[in-house]
Amino acid sequence: MADAHQERSSRTGLGRALMSAGALSADWAPAYAAVPRAAFLPDLMWPWDMRAGRSVPVSRTVDPEAWRAYADADCPIVTQWDDGAHTGTAPGRVATSSASMPSVVFRMLRDLDVRPGHRVLEIGTGTGWNAGLLAHRVGPGNVVTVEVDGAVATAARAALARFGTPVEVVHGDGFEGHPVGAPYDRLVATCGLRAVPYAWVAQCRPGGVLVVPWGTHYGNGDAVARLVVSEDGRSASGRFTGPVEFMKLRAQRLPPVVHRDHVPGSVADGDESATSVAEDEFLGVGAFDVLRFVLGLRVPQCLQVVAEKRDGARPVWLYGLGDRSWACVQFREGRSARVWQHGARRLWDEAEAAYRWWTERGRPAHDRFGVTVAADGARAWLEDPGNVWPL
């Protein structure tokens, strides 16, 4: 009895915090209350410990109180490592499936604007919790969720069945959507994208809404795009609502970029120059900084790697993804930064020009940018959908 009371208390506390922060809206509160995240989590999981700054193993069998506390906390929880090849309790190499932070889940559901009776397609089933929340809102038989990993799909299907939630779980490649169940009123992706498949647009009704985490290979961060399908059904367009970070759609993962493939020698092989751009201006305040997002938009097919600071110096590398071009800017405290570039593209020149472009326009935030997806590709825009550039 005490355990049940503690469970309700911790979930109620999180719910109040989410509502206070504006993440959980009043219309989603009944689904939050009726569909607990804990019902969809495995016995062994790896929540992100905010104080430790890393994922930690937590077992419901070994420490049920800690397991419950993390289940009802606003933190992401890894549920699979290394595409299922991982064994043991220690974290694996690469997190490949998870339960997202509840605050992120409910902000995206708010953007989705689902109504009772809507047909919803979810890409990336994960634990099944998000699909369960959707099914509670839209009604039985109206949610289809697609999961590329067979083991993850099986576990989610079982969790949804135990909870008594009528959701169709499809084991397949979400990149292709699920045309058998089309058309849909809403589509939501719970994985990071580097290109929005046009099949998703084609499988939604005119006026339908797609909510997808989208970004570029420049960095690992994403931003949530809320796209509305045009009346003729041939495109979808909309603004970004804010920064997030998701595991990437497996069909769009970036293969490892090997430094020596680009720079077989040293930076001295590049053309040397200098820049007045300061380290804190260029790197911003972390993975969710809008400048990194903008640089990805304006410097296509480029990966940024920020090295550790040593003896007051921090190298930042830019690697071309379409060729072997590279650039390195070395920021040093109290001195102007040195730059080396090599290859067909002048990657630092492109990045610095993008930075200047952004500052000249008043440093616009994520929500002033948008994207339009059509059969011939995607185009990003700043405030005006008529003023676009190809991605």
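Numbering of residues starts from 1 in every chain and runs along the sequence as written. Two thresholds apply to this predicted model, a pLDDT of at least 70 for residue-level local features and 80 or more for giving and counting side-chain atom pairs, whereas whole-chain, interface and lining totals are computed over all residues. Only heavy atoms go into the side-chain values, all of them from the structure, while hydrogens and water stay out.

Draft legend 1. Structural detail: the environment of His171. Helix and strand assignments come from DSSP, with helices taken as H or I runs of at least 4 residues and strands as E runs of at least 2, each series counted from the N terminus. Relative to the helices and strands, His171 is located in strand 8 (residues 168-171). Counting along the chain gives 27 residues from His171 to Tyr198, while the straight-line C-alpha distance between them is 20 Å. We call two residues contacting when some pair of their heavy atoms lies within 4.5 Å. Contacts of His171, omitting those with residues within four sequence positions, involve Glu147, Val148, Asp149, Gly150, Ala153 and Arg157. A 3.5 Å cut-off defines polar contacts: any pair of N or O atoms within that distance qualifies, except that in protein one atom must be a possible hydrogen donor and the other a possible acceptor, and neighbouring residues in sequence count only when both atoms are side-chain atoms. One polar contact links the side chain of His171 to the main-chain carbonyl oxygen of Val148, over a distance of 3.1 Å. In this structure the side chain of His171 is engaged in a polar contact, spanning 3.3 Å, whose partner is the backbone nitrogen of Gly150.

Draft legend 2. Expanded view of unusual backbone geometry. With omega at 5°, the peptide bond leading from Ala182 into Pro183 counts as cis. Checked against the element boundaries, Pro183 lands in the loop between strand 8 and strand 9 (184-189). Phi at Asp83 takes a positive value of approximately 55°, unusual for a residue other than glycine. Its place among the elements puts Asp83 in the loop between strand 4 (77-81) and strand 5 (95-99). Burial here depends on accessible area, computed with a 1.4 Å probe over protein chains only, as a share of the maximum for the residue type. Under 20% is buried, over 50% is exposed, and the range in between is partly exposed. By relative accessible area, Asp83 is classed as partly exposed at 34%. Not every positive phi belongs to a glycine, and Gln301 is a case in point at roughly 50°. For Gln301, the location among the structural elements is in the loop between helix 10 (290-298) and strand 14 (302-306).

Draft legend 3. Structural context of the packing of helix 10 against helix 11 (residues 347-360). Helix 11 packs onto helix 10 with a crossing angle of 120° between their chain directions and a minimal axis gap of 9 Å. In terms of orientation, helix 10 lies oblique with respect to helix 11. Considering the relative orientation of helix 10 and helix 11, their crossing is right-handed. Contacts between helix 10 and helix 11 involve Val290, Leu291, Val294, Leu295 and Arg298 from the first element and Ala351, Ala354, Tyr355, Trp357 and Trp358 from the second. In this count, Pro and Cys sit with the nonpolar residues alongside Ala, Val, Leu, Ile, Met, Phe, Trp and Tyr, while Asp, Glu, Lys and Arg are called charged and the others, Gly among them, polar. Broken down by class, the residue content of the contact of helix 10 with helix 11 amounts to nine nonpolar, no polar and one charged. Every axis in this analysis is a line fitted to C-alpha atoms, fitted for helices over the stretch in contact. Angles between the N-to-C directions lie between 0 and 180 degrees. An angle below 35 degrees is treated as roughly parallel, one above 145 as roughly antiparallel, one from 65 to 115 as roughly perpendicular, and anything else as oblique. Here a crossing is taken to be left-handed if its near helix is turned anticlockwise relative to the far helix by less than a right angle, and right-handed if that turn runs clockwise.

Draft legend 4. The packing of aromatic side chains, seen in detail. The criterion for an aromatic pair is that two Phe, Tyr or Trp rings (for Trp, the six-membered ring) have centres within 6.5 Å, with stacked assigned to planes under 30 degrees apart, edge-to-face to planes over 60 apart and tilted to the rest. A complete count under the given rule lists 14 aromatic pairs for this structure. For the pair Phe282 and Phe331, a centre-to-centre distance of 6.2 Å together with 40° between the ring planes defines the contact as tilted. Of the two residues, Phe282 sits in helix 9 (residues 279-283) while Phe331 sits in strand 16 (residues 326-332), which places them 49 residues apart along the sequence. The buried category is assigned to Phe282, whose relative accessible area is 1%. Phe331 gets classed as buried once you look at its relative accessible area, which sits at 3%. Here the aromatic rings of Trp317 and Tyr319 are separated by 6.1 Å at their centres, their planes lie at 5°, and the arrangement is stacked. Look at Trp317 and you get buried, because its relative accessible area is 12%. Tyr319 gets classed as buried once you look at its relative accessible area, which sits at 5%. Taken together, the aromatic side chains of Trp214, Phe240, Phe293, Trp357 and Phe369 make up a single cluster linked through ring pairs. The lysine or arginine in question, Arg60, covers the ring of Trp67, its NZ or CZ lying 4.0 Å from the ring centre. For a ring to carry a charge above it, either NZ of a lysine or CZ of an arginine must fall within 6 Å of the ring centroid while also lying within 35 degrees of the normal to the ring plane.

Draft legend 5. Examining helix 4 (residues 102-112) more closely. For helix 4, the tally of buried residues reaches nine of 11 residues, placing the bulk of the element in the interior. Those residues of helix 4 not exposed but buried are Pro102, Ser103, Val104, Val105, Phe106, Met108, Leu109, Asp111 and Leu112. Phi turns positive, to about 55°, at Asp113, one or two residues after helix 4.

Draft legend 6. Layout of the pairing of strand 8. At least two bridges found by DSSP between two strands are what make those strands a pair. As paired elements, strand 7 (residues 143-147) and strand 8 share four bridges and run parallel to each other. By the bridge assignment for strand 8, Thr145 is matched with Val169.

Draft legend 7. Seen up close, the environment of Ala307. Of note, Ala307 is situated in the loop between strand 14 and strand 15 (313-320). In this structure the C-alpha to C-alpha distance between Ala307 and Trp317, which are 10 residues apart in sequence, comes to 7.7 Å. Setting aside anything within four residues of it in sequence, one finds Ala307 in contact with Arg314 and Pro315.

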